[in-house]
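Listed below, chain by chain, are the residues.
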Amino acid sequence: MKLPESVYKAPVVFLLGMPMSGKSKMGKALAREKQCEFLDTDVAIEQEQNASIQEIFKFKGENYFRGLEKDWIENFKPQNPVVVATGGGMPCFFDNMTLFNKKGLTVYLNIPLGMIIQRAALSVNRPLFENKSPEELKEFIQQLYNKRHPIYMQSQVILSPGEPAEKTGQI
């Protein structure tokens, strides 16, 4: 995907999108190009909690985890340029999307649903995808996409494979 110049100029870039959309992989590559720090919110929360996301979901529940995500973005005050890969659901709860848009440049990785489903079928350690048959997984991801896509579309930049970047807001 070709990135617009605004992504390189922004001091803080948040990568948003469905689970398995490549936010972490792209974030690491972009941070290298920009010569800045890379953060993954899931990793940051795991380190703060001394537990995996899977363990947090299992022992404390999704609502607790979503509260941790909210606390993270509210307290995020970077001193230096940074690229941040967010958890897939992080923008979709509370007023997190508004906070992301205020604190940096939001970039939605709008990956085709079929690709997400293929990647999810091969994934491990994804609490939302566990214990689902291939049919259930496909249906679950479709429902998740239908719920989250309108929120992701509030991003300032939308990247879709094979298409030019689209700006949706002030940059």
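Rules and cut-offs
Residues numbered from 1 in each chain as written. Predicted model: local features only at pLDDT ≥ 70, side-chain atom pairs only at ≥ 80, totals over all residues. Heavy atoms only, no water. Core = buried A, V, L, I, M, F, W, Y, C linked by side-chain atoms within 4.5 Å. Buried < 20%, exposed > 50% of the residue type's maximum accessible area, 1.4 Å probe, protein only. Helix = DSSP H or I, 4+ residues; strand = E, 2+ residues; numbered from the N terminus. Contact = heavy atoms within 4.5 Å. Phe/Tyr/Trp six-rings, centres within 6.5 Å; stacked < 30°, edge-to-face > 60°. Lys NZ or Arg CZ within 6 Å of the ring centre and 35° of its normal.

A word on the nonpolar core
Moving on, step 1. In terms of nonpolar packing, the biggest core is built from 51 residues, with Val-13, Phe-14, Trp-72, Ile-73, Phe-76, Val-107 and Ile-141 touching the most fellow members.
Moving on, step 2. Top contributing element to this core by residue count: helix 8 (residues 134-152), with six residues.
Moving on, step 3. When residues no more than four places from it in sequence are discounted, the contact partners of Val-13 are Val-7, Leu-30, Lys-34, Val-82, Val-83, Val-84, Leu-105 and Val-107.

Topic: unusual backbone geometry
Moving on, step 1. Here the phi dihedral of Met-20 falls at roughly 75°; this positive angle occurs in a residue that is not glycine.
Moving on, step 2. As for its position among the elements, Met-20 is in the loop between strand 1 (12-16) and helix 2 (23-34).
Moving on, step 3. With relative accessibility at 16%, the residue Met-20 sits in the buried group.
Moving on, step 4. The phi torsion at Asn-50 lies on the positive side, around 55°, for a residue other than glycine.
Moving on, step 5. Within the secondary structure, Asn-50 is located in the loop between helix 3 (41-49) and helix 4 (53-60).

Observations concerning the packing of aromatic side chains
Moving on, step 1. Scanning the entire structure with this criterion turns up six aromatic pairs.
Moving on, step 2. Considering the side-chain rings of Phe-14 and Phe-76, the 5.7 Å spacing of their centres and the 65° angle between planes classify their relative orientation as edge-to-face. Of this pair, Phe-14 sits in strand 1 while Phe-76 sits in the loop between helix 5 (62-75) and strand 3 (82-85), placing them 62 residues apart in sequence.
Moving on, step 3. Exposure remark for Phe-76: the relative accessible area of 9% places this residue in the buried category.
Moving on, step 4. An angle of 20° between the planes, with centres 4.6 Å apart, marks the rings of Trp-72 and Phe-76 as stacked. Residues Trp-72 and Phe-76 agree in their burial class; the two are buried.
Moving on, step 5. Put simply, the rings of Phe-14, Trp-72, Phe-76 and Phe-100 touch in pairs and so form one group of aromatic residues.
Moving on, step 6. One Lys or Arg, Lys-132, reaches over the ring of Phe-140 and ends 4.5 Å from the middle of that ring.

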